[in-house]
Amino acid sequence: MLEFFLPVIQSALCSAGVNTDKPIRLEQPSDKKFGDFSTNIALLAAKECRRNPRELAQEIIAHLAFPPDTVARIDVAGAGFINFYLTPLFIMQSVEHVLLEGDEYGKGNIGRGKTAIVEYVSANPTGPLTIGRGRGGVLGDCIANLFETQGYEVTREYYFNDAGRQMQILGESVRLRYLECCGRETDFPATHYQGEYIREIAEEMFRDHGAELAESTEIQIFKKTAEEIIFKSIRKTLERLGIRHDSFFNEHRLYIEEDNKPSANNEVISALASSNLISKYDGATWFLTTKLGQEKDKVLIKSSGEPSYRLPDIAYHITKFERGYDMIVNVFGADHIDEYPDVLEALKILGYDTERIKIAINQFVTTTVDGQTLKMSTRKGNADLLDDLIDDVGADATRLFFIMRGKDSHLNFDIELAKKQSKENPVFYLQYAHARICSLLRMAQQETGFNASGRAAEYQLLQQLSSPAEVQLGFALLDYPDMIKTSLRLLEPQKMVEYLHSLAELFHRFYQECPILKAEPEVCRARLFLSLATRQVLRNGFRILGVSAPESM
RNA sequence: GUGCCCGUAGCUCAAUGGAUAGAGCAUCAGCCUUCUAAGCUGAGGGUUACUGGUUCGAGUCCAGUCGGGCGCACCA
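Residues numbered from 1 in each chain as written. Chains lettered and ligands numbered in written order. Predicted model: local features only at pLDDT ≥ 70, side-chain atom pairs only at ≥ 80, totals over all residues. Heavy atoms only, no water.

*Asks:* Looking at this model, I keep getting lost on the domain arrangement of chain A. Mind explaining?
*Replies:* A common way to express how large an interface is: the accessible area buried when the components associate. Looking at chain A, the domain boundaries give domain 1 (2–85), domain 2 (92–108 + 423–545), domain 3 (115–161 + 244–362) and domain 4 (164–238). Relative placement of domain 1 and domain 3: their C-alpha centres are 45 Å apart. (Domains from an automatic or database assignment.)

*Asks:* How should the pattern of salt bridges be read in this particular structure?
*Replies:* Opposite charge on two side chains lets them pair, provided their charged atoms get close. Enumeration according to the criterion identifies 29 salt bridges in this entry. Its salt-bridge partner being R177, residue E180 comes within 3.1 Å of it at the nearest N-O pair. Residue E180 and its partner R177 are both found in helix 6 (residues 164–181); the two are separated by three residues, about one turn of the helix. Linking R244 and E239 is a salt bridge whose minimum nitrogen-to-oxygen distance equals 3.2 Å. When salt bridges that share partners are traced, they join D141, E148, R156 and R399 into one network. (Salt bridge = Lys/Arg side-chain N within 4 Å of Asp/Glu carboxyl O. Helix = DSSP H or I, 4+ residues; strand = E, 2+ residues; numbered from the N terminus.)

*Asks:* I keep staring at helix 3 (residues 53–63) and nothing clicks. Help me out?
*Replies:* In an α-helix, one full turn covers 3.6 residues, which means residues spaced three or four apart are oriented alike. Turning to helix 3, its buried residues number three or more, namely L56, A57, I60 and I61. All buried residues of helix 3 project into a common sector of 140° when viewed along the axis, lining one side. When the buried face of helix 3 is taken as reference, the exposed residues oriented beyond 90 degrees from it are E55 and A62. The N-cap of helix 3, judged by a side-chain oxygen 2.8 Å from the amide nitrogen of R54 a few residues on, is N52. (Buried < 20%, exposed > 50% of the residue type's maximum accessible area, 1.4 Å probe, protein only. Arc of directions from axis to C-beta. Polar contact = N/O pair within 3.5 Å; in protein donor to acceptor, adjacent residues only side chain to side chain.)

*Asks:* What is the right way to read the environment of K223 from this model?
*Replies:* Topologically, K223 is positioned in helix 8 (residues 220–240). By relative accessible area, which is 9% here, K223 ends up buried. Put simply, K223 and L385 are 162 residues apart on the chain and 21 Å apart in space, counted from C-alpha to C-alpha.

*Asks:* Help me understand the protein's contact with RNA strand B, please; the structure alone is not making it clear to me.
*Replies:* Taken together, 65 residues are adjacent to RNA strand B, and K33, K302, Y432, R436 and K495 come closest. Between RNA strand B and D282, the relevant distance is 2.5 Å, taken from a base nitrogen to a main-chain nitrogen or oxygen of the residue. Take R405: an N or O atom from its side chain is 2.9 Å from a sugar or linking oxygen of RNA strand B. Secondary structure elements with two or more residues in the surface near RNA strand B: strand 1 (26–27), helix 2 (41–49), strand 4 (81–86), helix 15 (426–448) and helix 17 (494–513). When the residues that make up the surface near RNA strand B are grouped by side-chain class, the tally is 23 nonpolar, 20 polar and 22 charged. (Near = heavy atom within 4 Å. Nonpolar A, V, L, I, M, F, W, Y, C, P; charged D, E, K, R; others polar.)

*Asks:* I would appreciate a short explanation of the confidence of the model for chain A in the present structure.
*Replies:* Should pLDDT be low for a region, the predicted coordinates there are not to be read in detail. For chain A, the mean per-residue pLDDT works out to 90, and 98% of the residues sit at or above 70. Low pLDDT, under 50, characterises residues 377–382; the stretch is placed with 16 contacts to residues that sit more than four places away or in other chains. (pLDDT = per-residue confidence, 0-100. Contact = heavy atoms within 4.5 Å.)

*Asks:* What should I look at first to understand the nonpolar core in this one?
*Replies:* Note that soluble globular proteins tend to have their nonpolar side chains buried in a common cluster. Counting residues in each nonpolar core, the largest one holds 145 residues, and the members touching the most others are F5, F84, F147 and F413. Examining the composition of this core, we find that twelve residues originate from one element, helix 18 (residues 521–545), more than from any other. Not counting the four nearest positions on each side in its chain, F5 is found in contact with L26, F37, F66, V71, F84 and L86. Within the second largest apolar cluster, 27 residues are counted, among which are I117, F249, I278 and Y325. (Core = buried A, V, L, I, M, F, W, Y, C linked by side-chain atoms within 4.5 Å.)

What follows is the structure, given as structure tokens:
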């Protein structure tokens with residue numbers, strides 16, 4: 001709809017001699033009495049032109065040239081809003097596009113010929129995925145889907161590290177549990193991984209090797225085996241949620257020197273050094289962020305000679321630029337919030353266009369069971385496992401609950417609610433609308449031989465629908481393409497969830513108020529087409545969210 | 001102490017600086033001999049934590065106060 005309105009308004013502003021660099025914003029008033037769409041451009045421009053907003057609005061209106069039979073009425077209201085009222089005919093005509101475009105409806109082309117990389121999950125293989133990680137996983141997956149709708153070629157990447165200290169501790173943890181399997185006493189440190197999965201890995205190793213590994217203090221085999229098993233479980237868990245990465249990037253690559261070329265990490269150090277932002281003191285190599293207005297310098301290479309996580313992080317992002325991505329999206333949890341400003345700062349200094357980087361940070365998840373809040377920590381082993389949650393509530397509810405709140409809000413995941421097979425559970429409300437339409441169409445086929453395909457010539461029957469429930473539903477269907485763009489711009493799939501919820505609601509109302517199969521044959525078919533269009537938008541939306549569209553419930 | 005996020009109906013949450021702050025759940029009152037009642041209609045429920053400021057207009061932006069969450073490592 002934006003594409004319909006904006007050019008007309010723009011040219012009216014020109015003809016009226018209004019010069020403003022304020023963007024024209026079109027909004028849907030909360031109250032229909034203020035029109036289907038509304039713009040405040042006259043209010044904004046009036047200030048710059050030093051004119052009375054209402055008079056200016058009147059003048060703009062006089063220059064608006066919409067095609068005939070599209071806009072029924074244009075009013076000036078309130079302080080100087082311009083309100084537009086569409087004709088039911090135009091709305092219902094537009095619904096035909098939903099049916100004609102089908103699965104393609106809502107897609108755009110602003111990303112055509114462009115590439116995007118979306119990095120998400122990126123958990124190191126130290127343990128099974130927790131519920132907290134799940135939120136970022138689903139958020140990232142939906143964001144990747146949103147980019148794809150606009151024509152971007154999207155790479156879904158998982159960044160991980162299987163070296164480092166935490167992995168050492170993991171290997172050591174498994175080794176100690178293994179020794180226990182061999183019947184030895186161990187003094188298991190509190191700093192090690194306490195989780196049950198460590199025992200399971202140890203038991204598996206004991207089954208495969210017997211006690212033959214007990215004498216060695218070499219932990220490599222324990223680490224390696226643990227890593228493999230854990231990674232497999234992580235991928236399996238993600239797969240259950242429909243999350244599949246195209247690319248797994250091992251941080252290790254950034255450490256490798258070959259053909260006398262310095263490692264990616266070292267190249268970062270050299271580059272920053274030539275900007276005089278590197279200094280060595282206290283045995284470590286520092287990024288002089290105090291020169292950039294920060295409180296403290298940041299360690300890039302520890303006194304042990306190993307890089308801290310920041311250095312490879314910078315090098316990693318450089319690879320994203322070098323790989324040529326037009327859009328670079330990072331999804332991570334609030335615990336990493338202090339990390340990215342340094343990375344961005346470094347990239348900017350090194351001459352990369354950080355405008356291309358978008359960051360989506362999701363706040364944490366607390367889970368409640370019977371009103372009790374559960375706390376979690378991977379190391380303490382009392383984590384809420386994502387797998388358990390999926391077992392409990394199913395993949396659809398898991399996905400939808402993670403994104404049905406804004407990513408900035410602390411999510412309260414009510415497990416009891418997600419389990420309920422009743423109307424209190426929003427998952428069912430959405431899916432029920434889809435199933436209801438499928439049922440209706442099955443019935444229509446049985447009773448009247450109605451077949452959805454090959455009827456494009458009849459789509460214009462939609463134009464005879466004019467009751468409020470029908471027109472409001474039709475109108476909502478037309479919002480879908482703009483809704484995708486909004487969700488994408490804000491990196492916020494939650495907008496889509498809300499939209500689909502309101503769409504389901506409008507359908508239920510239409511269904512309640514307008515008899516379909518019992519109507520006159522032509523009205524019946526028109527209403528079936530409207531239902532079909534609704535089903536199409538629900539499906540397209542569900543696909544973005546990764547939620548299934550059941551044919552019956 | 002400091003950086004980021006949050007504070008909106010009893011509960012969970014919406015509201016690109018716009019008009020009378022909206023949904024769902026819960027509560028109450030209605031709607032199934034008729035296409036899935038997992039649905040629909042209606043009612044009640046608010047000093048948007050507090051105090052100032054910016055402007056035609058503030059839940060939204062700014063400053064401060066109070067509460068809650070997450071970080072603040074030569075862990076990642």
